[in-house]
Amino acid sequence: MLSEKRNSMLHGVLLIALFSCAAFYIGDMEFIKKLSPMIVGIILGMLYANSLRNNLPETWVPGIQFCSKRILRIGIILYGFKLTFQDVLAVGLPAILIDAIVVTITILGGILIGRMLKMDRGVALLTSIGSGICGAAAILGAESTIQTKPYKTAVAVSTVVIFGTLSMFIYPILYRNGTFVLSPNEMGIFTGATLHEVAHTVGAGNAMGKEVSDVAIIVKMIRVMMLVPVLLITSFMVSRAAVKAGGQGGSMKDISIPWFAIGFLAVIGFNSFDLLPQSLIAFINNLDTFLLTMAMTALGAETSIDKFKKAGAKPFVLASLLYLWLIVGGYFLVKLLAPVLM
């Protein structure tokens, strides 16, 4: 019986792995290279969910869910190999302070706007964290912490993908034509502090030149690091809310600490000592991208169009308001703080 369950789970995992391989192949095509394999993966997963899903055995579902939860957490931990604490020191106080302000206002503001719109709390929180920190990877980390339904995660991911992709093209245009009156260093801080995905930051930065790109990527990675305290605070708040709702039956001992977030921070610390050869780091980063692509594909595989309809237009309204804040608010933050603190 146990062997049959393992085989069934393996079928689901292999299915997601095949979709992920296809995502890497498609993502390598010239006209799609601006999108990360993770985004291609969730699209493939959603195509599967709305076409072939009902024709495959239900016994494969545990394998798909294993990818969207366990493999996801491993991917988040290994994501730490992209960062070092030296990167933080390299950009200095202005970038760290601006990042902290952007992340705080985006998440708290998003939660407040979500309440005003009477949105689903899970979708509002995921959308806010995705917009505030690092897009899909942050949403995946938060999803694993608050244990929300997969379709809510897919809705939140779709919003940050749309607006992040727009920015990847808009930022270079506005910088080149002089609309953004910023020095290359300031433009790098602005780009890293406000763009959604790491891939979006890399794409936009490269289009504006190396001086902008180098700063933008480091500033973006500092925002990624802020995922750890955000997840810890989120876990505490969700657990406290559950305790209050449970009355006498609940206990603060039931707080679920996202250990994968602690693992992520520990990996950053280890990577800061530069003990591993760069070839091995590059392999781990590629493996990590594949694991996160599997997680995204699995989430997409549990998301049908009906669930998008159920979520409605409010998540996109929230994401658009946060996007406006990131551009306008982020620009004026950089203009005001960067020259003073440099």
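Look a little higher up for the structure.
Summarised in this report is the structure supplied together with it. Residue positions are given per chain, counting from 1 as you read along its sequence in written order. Given that the model is predicted, a residue must reach a pLDDT of at least 70 before its local features are reported, and side-chain atom pairs must reach 80 or more before they are shown or counted; all residues, however, enter totals for whole chains, interfaces and linings. The side-chain quantities take in all heavy atoms of the structure and omit both hydrogens and water.

Summing up its helical and strand segments, the chain has 15 helices and zero strands in all. Relative accessibility decides the category of a residue: with a 1.4 Å probe and only protein chains considered, values under 20% of the type maximum give buried, values over 50% give exposed, and everything between is partly exposed. Scored against the burial criterion, the 342 residues of the chain give a buried share of 53%. Whether two residues are in contact is decided by their heavy atoms: any pair within 4.5 Å suffices. Residue pairs in contact within the chain that sit at least 24 positions apart in sequence constitute 81% of those at least 6 positions apart. Reported accessibility uses the Shrake-Rupley method at a 1.4 Å probe radius. Residues are deemed covered only where the shown protein chains occlude them. In the structure as shown, the chain presents an accessible area of about 15,800 Å², 69% of it carried by carbon and sulfur atoms. Helix and strand definitions follow DSSP, with helices as H or I runs of at least four residues and strands as E runs of at least two, each counted in order from the N terminus.

Here the focus is the environment of Thr 293. With respect to the secondary-structure elements, Thr 293 resides in helix H13 (residues 278-301). Taking the C-alpha atoms as reference, Thr 293 lies 9.0 Å from Phe 19; in sequence the two are 274 residues apart.

Turning to helix H2 (residues 37-49), a few remarks are in order. For H2, with 13 residues, the first-to-last C-alpha span of 18 Å sits near the 18 Å given by 1.5 Å per residue. The buried count for H2 comes to ten of 13 residues, which makes it a mostly enclosed element. Where H2 is concerned, the buried positions are Pro 37, Met 38, Ile 39, Val 40, Gly 41, Ile 42, Leu 44, Gly 45, Tyr 48 and Ala 49. An expected span of 1.5 Å times one less than the residue number is assigned to each helix.

Turning next to the packing of helix H3 (residues 61-78) against helix H6 (residues 136-146). Between H3 and H6, whose axes approach to 10 Å, the crossing angle comes to 125°. Taken as axis vectors, H3 and H6 run oblique relative to one another. Crossing geometry of H3 relative to H6 is assigned as left-handed. Facing Ser 68, Lys 69, Leu 72, Arg 73 and Ile 76 of H3, the residues of H6 in contact are Ala 137, Leu 140, Gly 141, Glu 143 and Ser 144. Each axis is a line fitted through C-alpha atoms, taken for helices only over the stretch in contact, and angles between the N-to-C directions span 0 to 180 degrees. For classification purposes, angles smaller than 35 degrees are called roughly parallel, those larger than 145 roughly antiparallel, those between 65 and 115 roughly perpendicular, and all remaining angles oblique. Two helices cross in a left-handed way if the nearer one is turned anticlockwise from the farther one by less than a right angle. They cross in a right-handed way if the turn is clockwise.

Our focus in this paragraph is the packing of aromatic side chains. The rule is short: rings of Phe, Tyr and Trp, with Trp giving its six-membered ring, pair when the centres are within 6.5 Å, and they are stacked under 30 degrees, edge-to-face over 60, tilted in between. Per the counting criterion, the structure on display carries eleven aromatic pairs. Each ring, one from Phe 24 and one from Phe 290, has its centre 5.7 Å from the other, and the planes form 45°; the classification is tilted. In this pair, Phe 24 sits in helix H1 (residues 2-27) while Phe 290 sits in helix H13, placing the two residues 266 residues apart along the sequence. By relative accessible area, Phe 24 is classed as partly exposed at 29%. Plain terms: the ring middles of Phe 81 and Phe 270 are 6.3 Å apart, the flat faces sit at 85° to each other, and that makes the pair edge-to-face. Residue Phe 81 is found in the loop between H3 and helix H4 (85-116), and its partner Phe 270 is found in helix H12 (residues 259-272); the two are separated by 189 residues along the sequence. Judged by its relative accessible area of 10%, Phe 81 falls in the buried class. Taking the relative accessible area as the measure of exposure, Phe 270 reaches 34% and is therefore partly exposed. One aromatic cluster in this structure is built from Tyr 171, Phe 180, Phe 190, Tyr 331 and Phe 332. Sitting over the face of the ring of Tyr 79, Lys 82 holds its NZ or CZ atom 5.5 Å from the ring centroid. A ring has a charge above it when a Lys NZ or an Arg CZ is no more than 6 Å from the ring centre and no more than 35 degrees off the ring normal.

Let us now look at the environment of Ile 107. You can see Ile 107 is positioned in helix H4. The buried category is assigned to Ile 107, whose relative accessible area is 10%. On a C-alpha basis, the gap between Ile 107 and Ala 124 in space is 9.2 Å, while along the polypeptide they are 17 residues apart. Those residues in contact with Ile 107, other than ones at most four positions away along the chain, are Ser 128, Ile 129, Ile 133 and Val 230.

This paragraph deals with the pattern of salt bridges. Basic side-chain nitrogens of Lys or Arg form a salt bridge, by our definition, when they fall within 4 Å of a carboxyl oxygen of Asp or Glu. Evaluated as defined, the whole model comprises one salt bridge. Of the charged contacts, one joins Asp 120 and Lys 152 as a salt bridge, the two residues approaching to 2.8 Å between their closest N and O atoms. One end of the pair, Asp 120, is in the loop between H4 and helix H5 (121-132); the other, Lys 152, is in helix H7 (residues 150-176), and 32 residues separate them in sequence. According to the relative accessible area criterion, Asp 120 is partly exposed, its value standing at 33%.

As a further point, take unusual backbone geometry. Positive phi is not limited to glycine here, since Lys 118 has a value of about 60°. Since its relative accessible area comes to 71%, Lys 118 is described here as exposed. Here Asp 274, not a glycine, exhibits a phi torsion of approximately 55°, which is positive. Summarising the element assignment, Asp 274 is placed in the loop between H12 and H13.

A separate point is the environment of Ile 64. Tracing the sequence through the fold places Ile 64 in helix H3. In this structure Ile 64 comes out as buried when scored by relative accessible area, which is 1%. Placed 47 residues apart in sequence, Ile 64 and Ala 17 show a C-alpha to C-alpha distance of 9.8 Å. Those residues within four positions of Ile 64 in sequence are excluded, and the remaining contacts are Gly 12, Leu 15, Ile 16, Tyr 48, Ala 298, Ala 301 and Glu 302.

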